[in-house]
Amino acid sequence: MSAYDYDLFVIGAGSGGVRASRMAAKYGAKVAIAEEYRVGGTCVIRGCVPKKLFVYASHFAESFEDAAGYGWDVPEASFSWEKLIANKDREIDRLNGIYIRNLKNSGVEIIESRAELKDAHTVHLVQEGRDVTADKILIAVGAWPYLPAIPGIEHAISSNEAFHLETLPKEITVVGGGYIAVEFAGIFNGLGVKTVQLYRGPKILRGFDEDLRDTLQDEMIKKGIDVLTNTDIAEIVKLEGGRLQVILQDGDSYETDCVMYATGRRPKVDGLGLEKAGVILNKAGAIAVDARSKTNIDNIYAVGDVTDRANLTPVAIREGAAFAETVFNDNPQEVDHSIIPTAVFSHPEIGTVGMTEEEACRAHGEDGVTIFKSTFKPMLHTLSGRDERTLMKIIVEKKSDKVLGVHMIGPYSGEMIQTVGIAVTMGATKAQFDATIAVHPTAAEELVTMKEPYIAPTAQAAE
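Okay, so let's go over this structure. All of these numbers come straight from a predicted model, not from anything done at the bench. (Residues numbered from 1 in each chain as written. Predicted model: local features only at pLDDT ≥ 70, side-chain atom pairs only at ≥ 80, totals over all residues. Heavy atoms only, no water.)

## Some thoughts on the overall build of the protein chain
- The secondary structure content of the protein chain amounts to 15 helices and 22 strands.
- The principal-axis extent of the C-alpha atoms belonging to the protein chain is close to 75 × 65 × 45 Å.
- Per-residue burial over the protein chain gives 50% buried out of 463 residues.
- Within the protein chain, counting contacts between residues at least 6 apart in sequence, those at least 24 apart form 62% of the total.
- Here the protein chain displays about 22,200 Å² of accessible surface, and carbon together with sulfur accounts for 51% of that area.
- Here the protein chain contributes 48 positively and 66 negatively charged side chains, and the mean placements of these two sets differ by 4 Å. (Helix = DSSP H or I, 4+ residues; strand = E, 2+ residues; numbered from the N terminus. Buried < 20%, exposed > 50% of the residue type's maximum accessible area, 1.4 Å probe, protein only. Contact = heavy atoms within 4.5 Å. Areas by Shrake-Rupley, 256 points an atom, 1.4 Å probe, with all protein chains shown as cover. Lys, Arg positive; Asp, Glu negative; His and termini not counted. Charge placed at Lys NZ, Arg CZ, Asp CG, Glu CD.)

What follows is the structure, encoded as structure tokens:
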């Protein structure tokens, strides 16, 4: 008989925690999972899923306009924010129910309470006022939006609150330059909101390939988003009537209805009792783990955004699965974080996998890398008349012919990059891309028909 109440206790019922708990239970472990606010975590409740629904909603305005070029006479459309919110909430409720049902069917006990560590094997359930013990503990509590400590920050919202606004603002300022910021700027702009995106850096999407950054910023501006870079907010003042005055660090100011911060997320470690169990954090304030998600305490593990390795839902799921295989199925696994296909559901959409051009040049030298690049008007817009460009880019190591990275921006890039990610993960070469027969007429065929290396205009002029 076990000396503990559970073989595994999971704190946090998001994507990583749910996957780990279900798999561990399947392998025979007695498992409980604690969640203080709805099963499903950031992705399902206040992240990827509702955001993608908003993205779909925001595309219809352009679709109605584009239809005219294809012979459709579309009457003037109207939009109901309240109906979108209600339908979104209904879908989130449905998914929440599925997660709960799947956990129960797997034999996992769900405890609706905040859980805090008392020591390496003891968890205190706050709402229930009792302690439980476990042989192994997995922390999967995710991250939380970061808002800077500036005067008036209490008048701003984060992406969490954006999903529950009672009314759609007429004007909004989105602060930040990462994928959440560009996605929400596109969402609000697409829904007819006068949108400002404000970023303290020189260019949005830091860390992405430079061509993607330039192309997206140009396209966002063409769509009517006022992109302000190299600036930040010094203070937010609430005016009579509810409007907000945004005061910038250079002294300029303007008024808006809403300020939304998307300036990153921080691991949600406060109040977990990590210090009582002896769990250490890294310099970034995340739980420090090894390649198999183990903390410095032998029986305590952590997966997902709380470890700040690669903050994406599919990565958390893979980490949770690898943990269960390693600890409860005697099948040690480590997650490779070096090649992660991902999408940014901006307007237009981005798909990317592998090294950026800058990373490849640093790793292999500028002379050791070949770039293949194509920009074109997507076929959809040959009749719609919309001025929007698609970019496809392949980065290849000269010596091995191995494809190091693929980057694209344009319709359905998120869908395409999943399949391309398989090839890049397998170590495909450019010759193998070239040997693949194109699917015509598609945008994706450009990935297998780019035969001539890209030569920058300055280099061409020099020749």
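So, next bit.
## Considering the sheet that holds strand β8 (residues 157-158)
- Spatial strand order, β8-β15-β9-β10-β11: five strands in an open sheet with parallel pairing. Every interior strand has two partners, whereas the edge strands, β8 and β11 (226-228), have only one.
- Sheet topology note: the strand β10 (residues 194-198)/β11 ladder contains three bridges and is parallel. Its bridge partner lying in β11, Val-196 is registered against Asp-226.
- Against the sheet, helix α6 (residues 179-190) touches β9 (171-175), β10 and β15 (258-261), its axis set at about 165 degrees to β10. (Pairing = 2+ DSSP bridges. Axes fitted to C-alpha atoms, helices over the stretch in contact; angles between N-to-C directions.)

## What about helix α9 (residues 313-328)?
- Look at α9: 22 Å from first C-alpha to last across 16 residues, which is about the 22 Å you get at 1.5 Å a residue.
- The buried count for α9 comes to 12 of 16 residues, which makes it a mostly enclosed element.
- Of all the positions in α9, only Thr-313, Val-315, Ala-316, Glu-319, Gly-320, Ala-321, Ala-322, Phe-323, Ala-324, Glu-325, Thr-326 and Phe-328 are classed as buried.
- Among the structural elements, β1 (6-11), α1 (15-26), α2 (41-46), α3 (48-67), β6 (130-139) and β17 (300-302) are those in contact with the buried residues of α9.
- Remark: Asp-330 follows α9 within two positions and exhibits a positive phi of approximately 50 degrees. (Expected span 1.5 Å × (residues − 1).)

## Thoughts on a nonpolar patch on the surface
- A cluster of nonpolar side chains, contributed by Tyr-56, Phe-60, Phe-64, Tyr-70, Trp-72, Val-74, Leu-380 and Leu-383, occupies part of the molecular surface with about 840 Å² of accessible area.
- Among the elements of the structure, α3 and α11 (380-384) are those that each provide at least two residues to the nonpolar patch.
- Ranked by residue count, the leading element in the nonpolar patch is α3, at three residues.
- Note that Leu-383 resides in helix α11. (Patch = residues over 30% accessible without salt bridge, like charges linked within 9 Å, V, L, I, M, F, W, Y side chains within 5 Å. Salt bridge = Lys/Arg side-chain N within 4 Å of Asp/Glu carboxyl O.)

## Description of the nonpolar core
- By size, the foremost hydrophobic cluster in this structure holds 25 residues, and its most contacted members are Phe-9, Leu-117, Ile-139 and Ile-300.
- In terms of residue count, β6 provides more of this core than any other element does, four residues in total.
- One finds Leu-84, Ile-85, Leu-191 and Phe-345 within the second-largest nonpolar core, a separate group that totals 24 residues. (Core = buried A, V, L, I, M, F, W, Y, C linked by side-chain atoms within 4.5 Å.)

## Some details on the packing of aromatic side chains
- Scanning the entire structure with this criterion turns up eight aromatic pairs.
- Taken together, a centroid distance of 5.5 Å and an interplanar angle of 65 degrees make the contact between Phe-163 and Phe-184 edge-to-face. A residue pair is termed long-range when its members are at least 10 positions apart, and Phe-163 in the loop between α5 (159-162) and β9 and Phe-184 in helix α6 qualify at 21 residues. With respect to class, Phe-163 is no different from Phe-184; both count as buried.
- Where Phe-184 meets Phe-188, the ring centres are 6.1 Å apart and the plane angle is 35 degrees; that geometry is what we call tilted. Of the two residues, Phe-184 and Phe-188 are both situated in helix α6; the distance of four residues between them amounts to about one turn of the helix. Each member of the pair, Phe-184 together with Phe-188, is buried.
- Grouping aromatic residues by their ring pairs yields a cluster made of Phe-54, Trp-81, Phe-163, Phe-184 and Phe-188. (Phe/Tyr/Trp six-rings, centres within 6.5 Å; stacked < 30°, edge-to-face > 60°.)

## Considerations on the pattern of salt bridges
- Across all of its chains, the model carries 29 salt bridges by this definition.
- Of the charged contacts, one joins Arg-38 and Asp-93 as a salt bridge, the two residues approaching to 2.5 Å between their closest N and O atoms. Pair noted here: Arg-38 is in the loop between β2 (31-34) and α2 and Asp-93 is in helix α4 (residues 81-105), with a separation of 55 residues, a long-range link.
- Take Arg-38: its relative accessible area is 28%, and that puts it in the partly exposed class.
- Residues Glu-255 and Arg-243 are paired through a salt bridge, measuring 3.6 Å at the closest nitrogen-oxygen approach.

## Looking at the side chain of Ser-159
- Position of Ser-159 among the secondary structure elements: in helix α5.
- The class for Ser-159 is buried, based on a relative accessible area of 6%.
- Sequence-distant contacts of Ser-159, defined by excluding residues within four places in its chain, comprise Pro-145, Ile-180, Phe-184, Met-260, Tyr-261 and Arg-265.

## Observations regarding the packing of α3 against α6
- The interhelical angle for the contact between α3 and α6, taken along N-to-C directions, is 40 degrees, at an axis separation of 8 Å. Taken as axis vectors, α3 and α6 run oblique relative to one another. Handedness of the α3/α6 crossing: left-handed. In contact with Lys-51, Phe-54, Val-55, Ser-58 and Ala-61 of α3, α6 contributes Glu-183, Phe-184, Gly-186, Ile-187 and Gly-190. (Parallel < 35°, antiparallel > 145°, perpendicular 65-115°, else oblique. Left-handed = near helix turned anticlockwise from the far one by under 90°.)

## Some words on the side chain of Glu-35
- Mapped onto the elements, Glu-35 comes out in the loop between β2 and α2.
- One buried charged side chain, Glu-35, makes no salt bridge at all; its nearest oppositely charged neighbour is Arg-46, positioned 5.7 Å away.
- Polar contacts involving the side chain of Glu-35 include one to the main-chain amide nitrogen of Tyr-37, which spans 2.9 Å.
- Not counting residues within four places of it along the chain, the set of residues in contact with Glu-35 comprises Gly-12, Ala-13, Gly-14, Ile-111, Glu-112 and Ser-113. (Polar contact = N/O pair within 3.5 Å; in protein donor to acceptor, adjacent residues only side chain to side chain.)

Bear in mind that shape data such as this cannot, by itself, settle questions of function.
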